[in-house]
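What follows is each chain in one-letter form.
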Amino acid sequence: MSVLSPELTKAYHLLATMGEHMPVDDRPEHVRHRDAYRRWSEQFPVPADALVTAAPGFPGLTVTAPVSTADRVLLYFHGGGYTEGGAYNHREMGARLASATRGVVHLPDYPLAPENRFPSALDASVAAYRAVLTAVPAARVAVGGDSAGGGLSLALLLRLKELGLPLPAAVVPVSPWTDLTVSAPSFTERADRDPFVSRAALLTFAACYLGGHDPRDPLASPLFGDLTGLPPIHLEVGTEEVMIDDAVQLHARALAAGVASELVVTEGAPHIWQHFASFLPEAAASIDRIGHFVRERVPESGPPAR
């Protein structure tokens with residue numbers, strides 16, 4: 001990796017400080033990690049012109065911007081290794097995505113492991129998608145997410161195919177965790193470069209989520225699924241992520257399956273760098289690309305969302 005810009009240096013520092021927000025008490029470590037992520041996220045304030053409300057028909061939040069139109073929807077799943085994270089942590093990112101897509105962004109709160117194991121998160125994602133379809137048709141919807149949420153967005157598509165439900169117009173996985181076997185070469189090749197994610201941590205997350213279930217099940221690891229017929233995919237990943245191969249391999253398999261897929265690899269970027277769009281040009285550019293992709297696949301046609 002080349003010398004980091006001051007903004008990227010700040011982003012790496014902020015990632016390294018997440019653990020400092022973890023409470024010291026008698027609760028299980030994964031519960032305290034949830035608190036740490038929530039507290040850490042509060043340093044990224046929601047833009048004043050964003051409107052955050054309860055999601056309609058499922059647990060979570062809905063975020064709109066002044067430019068949002070009611071019939072362009074992004075259903076976006078948070079990351080956190082299926083054990084932590086939540087819609088609350090992604091309010092600021094949701095607001096920026098709402099502005100970039102000029103649409104409505106729904107942030108589901110899906111059940112977390114180990115209290116709720118596979119396929120609880122997937123079932124909740126299907127329920128959220130069904131709820132969205134009561135307001136807009138599938139052709140007006142994009143889905144996406146970051147990290148585990150990125151993998152969940154792809155698993156959702158495979159499950160929708162099984163159920164015979166209409167697929168959304170597009171999917172935007174950001175640094176997606178697509179292979180819960182955690183076996184790609186990048187997990188060792190980039191072990192000393194990724195400041196935030198490790199193979200050991202992901203194996204722990206996978207065990208919590210799967211509870212003994214086969215990690216090669218495509219509904220848990222969409223990398224192993226039949227990707228034919230999926231909607232256009234826009235993938236974002238950073239060069240410094242141990243998880244980079246999960247995105248690269250998914251992109252290659254999507255193309256081989258005849259799916260329109262584009263992959264953007266950002267030099268020097270760490271995991272979940274989109275959280276830093278308030279000061280990091282690379283993050284703002286990523287949000288803009290996602291917005292452009294969604295607007296292309298879901299053209300504007302409806303009234304304002306508010």
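Predicted model only: the values in this text are computed from it and were never measured.

Colleague: Before we go on, may I ask you to explain the overall build of the chain in this structure?
Modeller: When helices and strands are counted, the chain shows nine helices and eight strands. Taking 2.2 N^0.38 as the reference for a compact globule, 306 residues should give roughly 19 Å; the C-alpha atoms of the chain span a radius of gyration of 18 Å, in line with that estimate. Taking the contacts inside the chain whose residues are at least 6 apart along the sequence as the reference set, 79% of them involve residues at least 24 apart. One finds the centroid of the 24 positive side-chain charges in the chain at a distance of 5 Å from the centroid of its 34 negative side-chain charges.

Colleague: I would appreciate a short explanation of helix α2 (residues 29-41) in the present structure.
Modeller: Because the α-helix completes a turn every 3.6 residues, residues three or four places apart line up on one side. Over its 13 residues, α2 runs 18 Å from end to end, which matches the ideal 18 Å to within 8%, given 1.5 Å per residue. For α2, every residue scored as buried is listed here: V31, R32, R34, A36, Y37, W40 and S41. Contacts from the buried residues of α2 go to α1 (6-16).

Colleague: I tried to follow the pattern of salt bridges on my own but got confused; where do I start?
Modeller: Where side chains of opposite charge bring their charged atoms close, a pairing between them can arise. Overall, the coordinates contain nine salt bridges when judged by the stated rule. With its nearest N and O atoms 3.0 Å apart, the salt bridge here joins D25 to R27. D25 sits in the partly exposed class, given a relative accessible area of 31%. Ionic pairing is found between E115 and R34, a salt bridge with its closest N-O pair at 2.8 Å. With E115 in the loop between β4 (104-108) and α4 (120-133) and R34 in helix α2, the pair connects residues that are 81 residues apart, well separated along the chain. One salt-bridge network, in which partners are shared between bridges, spans D25, R27, R32 and D35.

Colleague: Before we go on, may I ask you to explain the layout of surface pockets in this structure?
Modeller: Sizing a probe to match a water molecule and rolling it over the atoms shows the empty space that remains. Quantified by volume, the largest pocket comes out at close to 540 Å³. Those elements giving two or more residues to the lining of the largest pocket turn out to be α1, α2 and α7 (199-210). The class makeup of the residues in the lining of the largest pocket is 14 nonpolar, ten polar and three charged. As a volume, the second largest pocket reaches approximately 230 Å³. Broken down by secondary-structure element, the contributors of at least two residues to the lining of the second largest pocket are β1 (51-54), β2 (60-64), β4 and α4. Counted by class, the lining of the second largest pocket contains 13 nonpolar, four polar and one charged residues.

Cut-offs used in this document
- Residues numbered from 1 in each chain as written.
- Predicted model: local features only at pLDDT ≥ 70, side-chain atom pairs only at ≥ 80, totals over all residues.
- Heavy atoms only, no water.
- Helix = DSSP H or I, 4+ residues; strand = E, 2+ residues; numbered from the N terminus.
- Rg over C-alpha atoms; globule rule 2.2 N^0.38 Å.
- Contact = heavy atoms within 4.5 Å.
- Lys, Arg positive; Asp, Glu negative; His and termini not counted.
- Charge placed at Lys NZ, Arg CZ, Asp CG, Glu CD.
- Expected span 1.5 Å × (residues − 1).
- Buried < 20%, exposed > 50% of the residue type's maximum accessible area, 1.4 Å probe, protein only.
- Salt bridge = Lys/Arg side-chain N within 4 Å of Asp/Glu carboxyl O.
- 1 Å grid on protein atoms, 1.4 Å probe; cavity = no way out; pocket = protein on both sides within 12 Å on 5 of 7 lines; lining within 4 Å.
- Points joined across faces, edges and corners; volume = space filled by probe spheres on them.
- Nonpolar A, V, L, I, M, F, W, Y, C, P; charged D, E, K, R; others polar.

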